[in-house]
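Coordinates in review
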Amino acid sequence: MIYIPLFIIMCSIILTFYRVVKGPTIPDRITAADSIGTQFFAVIIMLAFLFKADFFLDIAMVYAVLLFVDILVMAKYLESKRVSDND
Amino acid sequence: MISQLLSLYFMISGVIFFITTGIAMIRFSDFYSRLHASSKSLTGGALSILLAYMVQSDKVAVILKLILMTLFLLITSPIAAQALARTAYRQRCDRNSIHYDEYELDSSDELS
């Protein structure tokens, strides 16, 4: 029963990955990677209840913190670099 | 029984939010539309999945962890979206998609 939402979220991750590969600018790719990270965060929580293992929730918490710091660091770095690939 | 039904409802709404994000990532045409779609509907989808398990779980520690993750996601997702939008604006990416730029009118002297 729980496999159907997992399958649909995996399809959505594949659709989002198209934007990571193709995306014309660098912020496009970062946004798509952020989306994949949040969707995978939901997948981890669903796996925690599928396997009945509570420590997966701690892993999901640390994953959310690392994702946030990742996006913030990349945004700040690009803001100071002023790089652009299409202009 | 009620909790099972509520959990199913939140699960279906979360999956709909996620598939909306996936379709929006492909169909939308410029960066700011994609950022808008990704930030809002991703927050809604993750919150729906968290609520679905918060309703049906019966251990206090698990519910507390889920509430903590909900609050964290509600705080950090808009911050990340705002930082990305500001970076993209400063790099002048996708400038043709901005029809009316109120930010530049407000701060034209300090941006240079």
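Cut-offs applied
- Sequence order as written defines residue numbering, which begins from 1 separately in each chain.
- Note on labels: chains are lettered from A, ligands numbered from 1, in written order.
- Only residues with pLDDT of 70 or above have their local features reported here, since the model is predicted, and side-chain atom pairs are shown and tallied only from 80 upward, although totals for entire chains, interfaces and linings are computed over all residues.
- As a rule here, side-chain values come from all non-hydrogen atoms in the structure, and water together with hydrogens is ignored.
- Between two residues, a contact is recorded if the distance between any of their heavy atoms is within 4.5 Å.
- Just to be clear on terms, a salt bridge is a Lys or Arg side-chain nitrogen sitting within 4 Å of an Asp or Glu carboxyl oxygen.
- Under this definition, polar contacts are N or O atom pairs within 3.5 Å; protein pairs additionally need one hydrogen-donor-capable and one acceptor-capable atom, and for neighbouring residues in sequence, both atoms have to be side-chain atoms.
- Numbering of helices and strands runs from the N terminus, with a helix taken as a DSSP run of H or I at least four residues long and a strand as a DSSP run of E at least two residues long.
- Charged means Asp, Glu, Lys or Arg here, nonpolar means Ala, Val, Leu, Ile, Met, Phe, Trp, Tyr, Cys or Pro, and polar covers whatever is left, Gly included.
- Each nonpolar core is a collection of buried residues, namely Ala, Val, Leu, Ile, Met, Phe, Trp, Tyr and Cys, held together in the definition by side-chain atoms within 4.5 Å.
- Note on exposure labels: buried denotes an accessible area under 20% of the residue type's maximum, exposed denotes more than 50%, and partly exposed covers the range between, all computed with a 1.4 Å probe on protein chains only.
- Aromatic rings from Phe, Tyr and Trp, taking only the six-membered ring of Trp, are treated as a pair when their centres fall within 6.5 Å; an angle between ring planes under 30 degrees marks them as stacked, one over 60 as edge-to-face, and anything in between as tilted.
- The method works on a 1 Å grid over the protein atoms by themselves. A cavity is a set of points holding a 1.4 Å probe that cannot get out, a pocket is an open set with protein on both sides within 12 Å along at least five of seven lines, and residues with an atom within 4 Å of a point line them.
- Grid points are joined across faces, edges and corners, and a volume is the space filled by probe spheres set on the points.
- The predictor attaches a confidence to each residue, and that confidence, scored 0 to 100, is pLDDT.

Observations regarding the interface of chain A and chain B
- On the chain B side, the residues contacting the 44 residues of chain A number 41 residues.
- A salt bridge links Asp 54 of chain A to Lys 59 of chain B; the shortest N-O distance between them is 2.8 Å.
- For the pair chain A and chain B, the number of links is eight residue pairs in polar contact (both at pLDDT 80 or more).
- Sorting the residues of the side of chain A that touches chain B by element identifies α1 (3-22), α2 (26-50) and α3 (55-81) of chain A as the ones contributing at least two each.
- Here the side of chain A that touches chain B takes 14 residues from α2 of chain A, the largest share from any one element.
- Among the residues forming the side of chain A that touches chain B, the class breakdown is 27 nonpolar, eight polar and nine charged.

Side note on the nonpolar core
- Ile 45 of chain A together with Tyr 53 and Leu 66 of chain B are the most contacted members of the largest nonpolar core, which totals 34 residues.
- When contributions to this core are tallied by element, the ones reaching two or more residues are α1, α2 and α3 of chain A together with α1 (2-27), α2 (31-56) and α3 (60-90) of chain B.
- Ranked by residues supplied to this core, first place goes to α2 of chain A with nine residues.
- In this structure Tyr 53 of chain B touches Ile 2, Ile 45, Met 46 and Phe 49 of chain A together with Met 11 and Leu 66 of chain B, once residues within four positions along its chain are discounted.
- Of all hydrophobic cores here, the second largest spans eleven residues; its members include Ile 71 of chain A together with Leu 35, Ala 83 and Leu 84 of chain B.

Notes on the packing of aromatic side chains
- One pass over the structure, following the stated rule, counts seven aromatic pairs over all chains.
- A centroid spacing of 5.2 Å and a plane angle of 70° characterise the contact between Phe 31 of chain B and Tyr 32 of chain B, whose relative ring orientation is edge-to-face.
- Look at Phe 31 of chain B and you get buried, because its relative accessible area is 0%.
- Put simply, the rings of Phe 51, Phe 55 and Phe 56 of chain A pair up and form one aromatic cluster.

Observations regarding the pattern of salt bridges
- As enumerated under the stated definition, the model contains three salt bridges over all chains in all.
- Taking the shortest distance from any N to any O, the salt bridge between Asp 58 of chain A and Lys 65 of chain B comes out at 3.1 Å. Taken together, the positions of Asp 58 of chain A in helix α3 and Lys 65 of chain B in helix α3 put the pair across two chains.

Quick word on empty space enclosed by the protein
- Overall, the coordinates contain one cavity of 30 Å³ or more when judged by the stated rule.
- Of the pockets and cavities examined, the largest cavity occupies roughly 230 Å³.
- Forming the walls of the largest cavity are 19 residues, and the residues nearest its centre are Asp 34, Thr 38 and Leu 67 of chain A together with Ser 77 and Ala 80 of chain B.
- Residue assignment for the lining of the largest cavity shows that the elements contributing at least two residues are α2 and α3 of chain A together with α2 and α3 of chain B.
- Sort the elements by how many residues they give to the lining of the largest cavity and α3 of chain B lands first, with seven residues.
- Split into classes, the residues belonging to the lining of the largest cavity amount to twelve nonpolar, six polar and one charged.

Side note on the confidence of the model for chain A
- Per-chain confidence: chain A averages 87 in pLDDT, with 93% of residues scoring 70 or above.
- At the low end of the mean pLDDT range in chain A sits α3 of chain A, at 89; at the high end sits α2 of chain A, at 92.

A few points about the side chain of Thr 38 of chain A
- By the element assignment, Thr 38 of chain A lies in helix α2.
- For Thr 38 of chain A, a relative accessible area of 11% gives the class buried.
- With near-sequence residues (within four places) excluded, Thr 38 of chain A lies in contact with Leu 67 of chain A together with Leu 42 and Ala 46 of chain B.

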